[in-house]
Amino acid sequence: MTTTPSISLDQGGAAHAAPPEAIDTAAASAPAVGSGVGDYIALMKPRVMALVVFTGLAGLVAAPVAMNPLSAAIAILCIAVGAGAAGAFNMAYDADIDAVMKRTRRRPVPTGRVPRPEAYTFAGVMSLASVLLMGMATNYVAAGLLAFSIAFYCVIYTMWLKRLTPQNIVIGGAAGAFPPVIGWAAATGSVSVDAVILFAIIFLWTPPHSWALALYKSGDYAAAGVPMMPVARGAKSTRIQILVYTGLYLAATAGPLVTGLGGWMYAIAAGLGGALFALLALRVHASRAGDMPGAEDALYAVRAGDKSARDLFAYSIAHLALLFAALLAEHGAGVHWPLPGGAG
Amino acid sequence: MNQDEYKPTVKLTPEQEAARNKRNGAIAFGLVAFVVLIFLTTVVQMTSNWNAGAAG
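Residues numbered from 1 in each chain as written. Chains lettered and ligands numbered in written order. Predicted model: local features only at pLDDT ≥ 70, side-chain atom pairs only at ≥ 80, totals over all residues. Heavy atoms only, no water.

Some remarks on the overall build of chain A
As a reminder of what qualifies: In DSSP terms, a helix is any run of H or I states spanning at least four residues, a strand is any run of E spanning at least two, and both are numbered starting from the N terminus. Here's how the labels work: a residue is buried when its accessible area is under 20% of the maximum for its type, exposed when over 50%, partly exposed in between, all with a 1.4 Å probe on protein chains only. The contact criterion used is simple: two residues touch if any of their non-hydrogen atoms lie within 4.5 Å. We get accessible surface area from the Shrake-Rupley algorithm with a probe of 1.4 Å; when it comes to residues, only the shown protein chains can shield them.
Assigned secondary structure in chain A consists of 15 helices and three strands. Scored against the burial criterion, the 344 residues of chain A give a buried share of 52%. In chain A, of all internal contacts separated by at least 6 residues, the share reaching a separation of at least 24 is 75%. Of the roughly 14,000 Å² of accessible surface on chain A, 68% is carried by carbon and sulfur atoms.

Points about a nonpolar patch on the surface
The condition is simple: A patch is a set of surface residues, each over 30% in relative accessible area and not in a salt bridge, joined within 9 Å for like charges and within 5 Å for the nonpolar side chains Val, Leu, Ile, Met, Phe, Trp and Tyr. The term salt bridge refers to a side-chain nitrogen of Lys or Arg lying within 4 Å of a carboxyl oxygen of Asp or Glu.
On the surface, a cluster of nonpolar side chains totalling about 480 Å² of accessible area is made up of Leu70 of chain A together with Val32, Val36, Phe39, Leu40 and Val43 of chain B. Considering every element that reaches the nonpolar patch, the biggest residue donor is helix α1 (residues 14-55) of chain B, with five residues. Relative to the elements of secondary structure, phenylalanine 39 of chain B occurs in helix α1.

Things to note about the packing of helix α7 (residues 140-161) of chain A against helix α8 (residues 168-188) of chain A
Residue and element names in this part refer to chain A. The following threshold applies: Note on geometry: axes are lines fitted to C-alpha atoms, helical ones only across the stretch in contact, with angles between N-to-C directions running from 0 to 180 degrees. Orientation labels follow simple angle bins: below 35 degrees gives roughly parallel, above 145 gives roughly antiparallel, 65 to 115 gives roughly perpendicular, and whatever is left gives oblique. Each crossing gets its hand from how the near helix is turned against the far one by less than a right angle, where anticlockwise is left-handed and clockwise is right-handed. Under this grouping Gly is polar, as are all residues other than the nonpolar Ala, Val, Leu, Ile, Met, Phe, Trp, Tyr, Cys and Pro and the charged Asp, Glu, Lys and Arg.
Orientation of α7 relative to α8, taken along the N-to-C sense of each, is 170°, at an axis distance of 9 Å. The angle between α7 and α8 falls in the class roughly antiparallel. α8 is crossed by α7, and the crossing has left-handed handedness. Between α7 and α8, the contacting residues are Val141, Ala142, Leu145, Leu146, Phe148, Ser149, Phe152, Tyr153, Tyr157 and Leu161 on the first element and Asn168, Ile169, Ile171, Gly172, Ala174, Ala175, Phe178, Val181, Ile182, Ala185 and Ala186 on the second. Its residues assigned to classes, the contact of α7 with α8 comprises 18 nonpolar, three polar and no charged.

Section: the nonpolar core
The following threshold applies: Only buried residues count toward a nonpolar core. Its members are Ala, Val, Leu, Ile, Met, Phe, Trp, Tyr and Cys residues joined through side-chain atoms within 4.5 Å.
Leu43, Met134, Ile201 and Phe324 of chain A are the most contacted members of the largest nonpolar core, which has 100 residues in total. Not counting chain neighbours up to four residues away, the residues in contact with isoleucine 201 of chain A comprise Tyr249, Ala252, Thr253, Pro256, Tyr266, Leu320, Leu323 and Phe324 of chain A.

Digging into the confidence of the model for chain A
Residues and elements named next belong to chain A. Heads up, the condition is: The predictor attaches a confidence to each residue, and that confidence, scored 0 to 100, is pLDDT.
Confidence in the prediction of chain A, expressed as mean pLDDT, is 86, and 85% of residues score 70 or more. The least confident element of chain A, judged by mean pLDDT, is strand β1 (residues 6-8) at 36; the most confident is helix α14 (residues 264-286) at 96. Segment residues 1-33: pLDDT under 50, and 56 contacts once partners within four positions in sequence are set aside and those in other chains are kept.

Topic: the environment of leucine 128 of chain A
If you trace the backbone, leucine 128 of chain A turns up in helix α6 (residues 116-137). When the C-alpha positions of leucine 128 of chain A and leucine 328 of chain A are compared, they lie 29 Å apart, and in sequence the two are 200 residues distant.

With respect to α6 of chain A
Keep this limit in mind: A helix is expected to span 1.5 Å for every residue after the first.
Here α6 of chain A is 22 residues long and its end C-alpha atoms lie 31 Å apart, about the 32 Å a rise of 1.5 Å per residue gives. Within α6 of chain A, the full set of buried residues consists of Glu118, Ala119, Phe122, Ala123, Ser127, Ala129, Ser130, Leu133, Met134, Gly135 and Ala137 of chain A. The elements touched by buried residues of α6 of chain A are α1 (37-43), α3 (69-93), α5 (108-111), α7 and α8 of chain A together with α1 of chain B.

What to know about the side chain of serine 287 of chain A
All names here are of chain A. Heads up, the rule is: The definition of a polar contact used here is a pair of N or O atoms within 3.5 Å, where within protein one atom must be able to donate a hydrogen and the other to accept one, and adjacent residues in sequence count solely through side-chain atom pairs.
Note on placement: serine 287 falls in the loop between α14 and α15 (307-332). Only 3.1 Å separates the side chain of serine 287 from the backbone nitrogen of alanine 289, close enough to count as a polar contact. In this structure the side chain of serine 287 is engaged in a polar contact, spanning 3.1 Å, whose partner is the side chain of serine 308. If near-sequence neighbours (up to four positions away) are discounted, serine 287 is found in contact with Arg239 and Ser308.

Structure below.
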């Protein structure tokens, strides 16, 4: 006797013991299974991946040990794929939240273009491949850190903290702070004070960056039941905490100047860029951003009262990129002129 | 099971079939790329170790 398993579409093709009846997906109301390659790319959060690659590359280039160019390229690829895998896991796990939020409801999993189990499989395979390749191409310290950062983002942040506490992105931000440390470890096989400083910069940058967005998207988060700071503690408390973390972040950006990792170019980016960051954070503090929660359709669509929060969110990305671009230029292009009095 | 007796249980629309083919192509490309990267990594590591051995 010939038996063929029926396929449950919403389970991503997992076979089960139901009678073997053919399913016409065109007639069914289930979401389409046909997802293109672009959906896999969207699943990896390419915009987040770009910043991760950039900071990881800066850590690798700023490290005091020159790497084989091919090994360096593979290390960066592994950081990118590892980050993408973590992003895919996040999208699969948070599909219920994403479906409610206007900002995220068009993502591949909530729309059904990629079934949830398929997204989990994709994330798992990519995670394993990136860690394995990192271990082979560089060293086990870098591979271990990559594995830890993926696990931290998936388990600690996505599965545990995100739905539990308004401190979710403060602690969870550690996952996003790992790339420069991984890059550094890939080159040197160890983690130095400079690598920890680069970690601290991104770690302390995350709260003002994420909360600025949350201030003008708090309606979205409230609808999804995510206890982001403006939802759980209110807009005023969030604006104060943005200011506090901005101070800590700017203090951390001075770290590379003390150790000598950053030269003149970095000093200008940290000084002038940091002053503008502080100015924008002060504007947010003085504003009434987030006082009237509501959801907008587009990421940059914002009410007049929330404009200061939008400006800080957008500039925070630019400032972090500027800092790491300065490090990249100084160490990659050989234009590192140390400041007088710096340890370097 | 005889290949001739196999009957698919899911009827896909032409668009879905096209999308599945694209996904399969992407997976195949990914696998080949992974194998190539493993090969290149092995060559780089072997060369590095060989050079280190020759220098020592």
